[in-house]
Amino acid sequence: HRANGGVLVLRAEAVAGDPELWAFLKGALRDGEIRIEERHRAGGPPIAGALRPRPVPLNVKVVLIGHPRWYYVFFAVDPDFITHFKVRAEIDADVLATPAEITTYVGLIRRIAGRHRELTIDDGAIQSLLGIASRWADDRGRLSARFELIEDLIAEAAVHARRNGAAHVDAAAIAEAVTQRRRRNSRIEDRVHESITTGQVLIDVAGAVVGQINALTVREVGDHSFGAPSRITARASMGRRGVINVERDVALGGPIQQKGAMVIQGWLMGRFARRVPLSFNCSVTFEQSYGGVEGDSASLAELVAILSDLADVGLRQDLAITGSVNQRGQAQPIGGARHKIEGFHRACLDRGGLTGTQGVVVPRANERNLVLRDEMAADVAAGRFHIWSVETIDDAVALFTGLEPGAADAAGDYPPNSVYGRVMAALQFFDQHLMLAHEV
């Protein structure tokens, strides 16, 4: 009633939570009037002589705001919705980091900081906050539009600044707030990495092993996400089954993970089965994984492990890799790249410190997502830790084995000492002996 003649703003989740209310709202907008309804008498017998107020004329514009899920789950399935709400606007969770947007963003930061009247915020703190906003957006070229998170971080930093007797919020206060927040939320992360450090979860960060590779995973615990390495192993033998996805066979692999394994099979057939059948069995699994696996972000690692075991070539254990692969052998981008890199960096630190050769391999398309923590960025800049980006499976094989992957000649043969030449020799050996066994 107070909004009559103007604009009424409603929370979508409140309306969706009461379907009867939604029906009343549609009726009022349809008829252009507000009826006085006594909900406790709905469906009851009419009372003779009871007063019934006349409807109130209604002229109002209604705005519904809320999370996209409310639209797709509740409102979009109602055919009457588009009749009454003809304008829909999607608000992006982040913005492009253009000079104009950065100027606006800095103004908002100063305005938020101005609520702490006894403190000011310096340029170093603003620069740190812009980096954090880019990290939250998971993109170097964008800034998170969730200003309420920036406001919470400034409020925490202001507490640390007052405690230290500072007259302004500086970069050190922002860093202290971030560190304390991570410490509060990282109980499970600490336990996961502790199990790696103590050897309960087997992860190597040095040496070379055939058919074994460090993949990278991301775990989400509420609003806290973190990465950790996970060992993938491959064991090949004679047979006709091809890639055997252990997770799929025991119902621990989700559909996308299973698709990744089938894509690997497709690449192997296209590369090595042009003239002879693809005659091998190779079981691939995530070691010490008991809670299920989903996603194809480890398919690049799985393929490298398979090629290693077929070629009998060792893989560097001081490297970890993440990325999806398609049937053409191209490395495809994945999510959570920064968390994954930081997870292996921490594992290396906990397992004896950085050696200067350790690092992570990511798809080249993920370069724009690498907004890393300051301490890790310092190790990369100093050459104590490395990040490589690859475009194809060939790049990854060369990096992990130190050998040439090998290019096929006009006859389809690979150089004998190349990785693919060794793989082809093993596959031909398997095929010949399988044929002999069949003849016998």
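Please refer to the structure higher up on the page.
Attention here is on the structure that accompanies the text. These figures come from a predicted structure and were not determined experimentally. (Residues numbered from 1 in each chain as written. Predicted model: local features only at pLDDT ≥ 70, side-chain atom pairs only at ≥ 80, totals over all residues. Heavy atoms only, no water.)

### Some points on the nonpolar core
Stage number 1. In this structure, Leu268, Phe272, Phe280, Ile306 and Leu307 are the most contacted members of the largest nonpolar core, which totals 45 residues.
Stage number 2. Top element by residues in this core is helix 12 (residues 299–311). It accounts for nine residues.
Stage number 3. In contact with leucine 307, other than residues within four places in its own chain, are Trp267, Leu268, Phe272, Ile393, Val397, Tyr420 and Val423.
Stage number 4. Grouped together as the second largest cluster of nonpolar side chains are 24 residues, Leu119, Ile126, Leu130 and Val169 included. (Core = buried A, V, L, I, M, F, W, Y, C linked by side-chain atoms within 4.5 Å. Buried < 20%, exposed > 50% of the residue type's maximum accessible area, 1.4 Å probe, protein only. Helix = DSSP H or I, 4+ residues; strand = E, 2+ residues; numbered from the N terminus. Contact = heavy atoms within 4.5 Å.)

### Thoughts on the side chain of serine 195
Stage number 1. As for its placement among the helices and strands, serine 195 is situated in helix 9 (residues 187–197).
Stage number 2. Given a relative accessible area of 13%, serine 195 falls into the buried group.
Stage number 3. Among residues more than four places away in sequence, those in contact with serine 195 are Gln200 and Val201.

### Notes on a nonpolar patch on the surface
Stage number 1. Together, Val7, Val9, Val63 and Ile65 make up a nonpolar patch on the protein surface, roughly 310 Å² of accessible area in all.
Stage number 2. Elements represented by at least two residues in the nonpolar patch include exactly strand 1 (7–11) and strand 4 (61–65).
Stage number 3. With respect to the helices and strands, the residue valine 63 is situated in strand 4. (Patch = residues over 30% accessible without salt bridge, like charges linked within 9 Å, V, L, I, M, F, W, Y side chains within 5 Å. Areas by Shrake-Rupley, 256 points an atom, 1.4 Å probe, with all protein chains shown as cover. Salt bridge = Lys/Arg side-chain N within 4 Å of Asp/Glu carboxyl O.)

### Brief notes about the packing of helix 6 (residues 123–137) against helix 8 (residues 171–185)
Stage number 1. One can describe the packing of helix 6 onto helix 8 by two numbers: an axis separation of 7 Å at closest approach and a directional angle of 35 degrees. Contacts from Gly124, Ala125, Ser128, Leu129, Ile132 and Trp136 in helix 6 reach Ala171, Ile174, Val178 and Arg181 in helix 8.
Stage number 2. Grouping the constituent residues of the contact of helix 6 with helix 8 by class yields seven nonpolar, two polar and one charged. (Axes fitted to C-alpha atoms, helices over the stretch in contact; angles between N-to-C directions. Nonpolar A, V, L, I, M, F, W, Y, C, P; charged D, E, K, R; others polar.)

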